[in-house]
Amino acid sequence: MRSRSARVIPFSASLSRRRRHLFTKRRRRHLFSARRRPFPFSGPILILAGALAFWLTISPAAPAIWSDFWSGLASVIATGEWPDRPAEIAAATSLPSAADGVIAGRATIIDADTIDIHGARIRLHAVDAPESAQLCYVGSDAVRCGQRAAMALDGWIAARTVLCIKRDVDRYGRIVATCTVGGEDMGAWLVRNGHAVAYRDYGRDYVCEEAEAAREKRGVWAMRFIEPSAWRRLSADEKREIPTGSYDPGWSLGCG
């Protein structure tokens, strides 16, 4: 005999409970799998984010953009307000204006006499620096004086804004310009420190700076080297030869 306390569950009620249990179990499994399912647009979003990160890495405007962002964030933390963009930063991130002949921005160094500002290739006026592959010599030791000059220019400019005034366009389509950094003539700085020579074929603007550098044995003037324009005309075999003498421009302006 069954105990009075034992409860008899009808078959229909037991079936109903089983159905509810199975439905709940399936529902939980569906929700769990839905949580693990990736966001439908995650692929394109990751591609766009990667492309943006790549652009911010290689773009000439990237240093200015990041500098502006971090300085603005520091101002927000300190004052609670985003600052107005300084005129110098606005100029650095603006596109070059060929119409008015003024180009300003952060420069990428191509070599010591050629820079790039936001895609505008600029050749410095009346200055000729050793080529990137050109070698100068101290005794029998070869020195990559072209690379050394480019690195010196890059270190001198640092993150400062370069302001260029257009003078002409050369046969290669580059803008020929006089450029300044912090109010100082970039061409004069290069020639005075022996990182370039005065390019007399296109102007005698920096002849006195060249005489000073040669007298003080600065940069290439402490080595044996071939004038950059003459070096470019040499054959590949001639470029590998060690020069017996050094470039002598023959100063005639009486620069003290």
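See above for the structure.
Residues numbered from 1 in each chain as written. Predicted model: local features only at pLDDT ≥ 70, side-chain atom pairs only at ≥ 80, totals over all residues. Heavy atoms only, no water.

## As for the overall build of the protein
Working step 1: Summing up its helical and strand segments, the protein has nine helices and eleven strands in all.
Working step 2: With 256 residues in all, the protein has 34% of them scored as buried.
Working step 3: Total accessible area on the protein stands at roughly 16,300 Å², and carbon and sulfur atoms take up 57% of it. (Helix = DSSP H or I, 4+ residues; strand = E, 2+ residues; numbered from the N terminus. Buried < 20%, exposed > 50% of the residue type's maximum accessible area, 1.4 Å probe, protein only. Areas by Shrake-Rupley, 256 points an atom, 1.4 Å probe, with all protein chains shown as cover.)

## Quick word on unusual backbone geometry
Working step 1: Even without being glycine, H118 reaches a positive phi, approximately 50 degrees.
Working step 2: Tracing the sequence through the fold places H118 in the loop between strand 3 (114-117) and strand 4 (120-124).
Working step 3: The buried category is assigned to H118, whose relative accessible area is 15%.
Working step 4: Although it is not a glycine, A126 sits at a positive phi angle of roughly 60 degrees.
Working step 5: Its location among the elements puts A126 in the loop between strand 4 and strand 5 (127-128).

## Thoughts on the pattern of salt bridges
Working step 1: All chains considered together, the criterion is met by eleven salt bridges.
Working step 2: Look at the salt bridges and you will find they share partners, linking D113, R123, D128, E131 and R232 into a network. (Salt bridge = Lys/Arg side-chain N within 4 Å of Asp/Glu carboxyl O.)

## Some words on the environment of Q147
Working step 1: For Q147, the location among the structural elements is in helix 5 (residues 145-157).
Working step 2: When its relative accessible area of 38% is taken as the criterion, Q147 is described as partly exposed.

## Considering a nonpolar patch on the surface
Working step 1: A grouping of V102, L163 and I165 is seen on the molecular surface, where their side chains present a nonpolar patch of about 210 Å² in accessible area.
Working step 2: Of note, V102 is situated in strand 1 (residues 102-105). (Patch = residues over 30% accessible without salt bridge, like charges linked within 9 Å, V, L, I, M, F, W, Y side chains within 5 Å.)

## Focus on the state of the cysteines
As used in these notes, a disulfide is a covalent bond between sulfur atoms, one from each of two cysteines.
Working step 1: Going through the model one piece at a time under the given rule, you end up with two disulfides.
Working step 2: Through a disulfide, C136 is tied to C145; the S-S separation comes to 2.0 Å. The sign of the S-S torsion, about 70 degrees, decides the handedness of the disulfide formed by C136 and C145: right-handed.
Working step 3: Judged by relative accessible area, C136 falls into the buried class, the value being 0%.
Working step 4: Two residues share a disulfide in this structure: C164 and C179, whose sulfurs sit 2.1 Å from each other. Between C164 and C179, the S-S dihedral sits near 110 degrees, and the bridge is therefore right-handed. You can see C164 sitting in strand 8 (residues 162-169) and its partner C179 sitting in strand 9 (residues 175-181), a full 15 residues away along the chain. (Disulfide = S-S within 2.5 Å.)

## Re the side chain of H125
Working step 1: Mapped onto the elements of the fold, H125 is located in the loop between strand 4 and strand 5.
Working step 2: H125 sits in the buried class, given a relative accessible area of 9%.
Working step 3: Sequence-distant contacts of H125, that is, excluding residues within four places in its chain, are made with R167, V176, A177, T178, Y202, D205 and Y206. (Contact = heavy atoms within 4.5 Å.)

## Considering the nonpolar core
Working step 1: Grouped together as the largest cluster of nonpolar side chains are 32 residues, with contacts concentrated most on I115, V162 and M186.
Working step 2: Counting residues per element, the ones that place at least two in this core are strand 3, strand 4, helix 5, strand 8, strand 9 and helix 6 (186-192).
Working step 3: When residues no more than four places from it in sequence are discounted, the contact partners of I115 are A107, T108, I109, I110, A120, R121, I122, L153, V162, C164, C179 and M186.
Working step 4: C136, V197, A213 and M223 belong to the second-largest nonpolar core, a separate cluster that totals ten residues. (Core = buried A, V, L, I, M, F, W, Y, C linked by side-chain atoms within 4.5 Å.)

## Some words on helix 7 (residues 207-215)
An α-helical turn contains 3.6 residues, so any two residues separated by three or four positions project in the same direction.
Working step 1: Regarding helix 7, the residues found buried are V207, E209, E210, A211, A213 and A214.
Working step 2: Elements that come into contact with the buried residues of helix 7 comprise helix 6 and strand 11 (197-198).

Nothing here speaks to function; it is geometry throughout.
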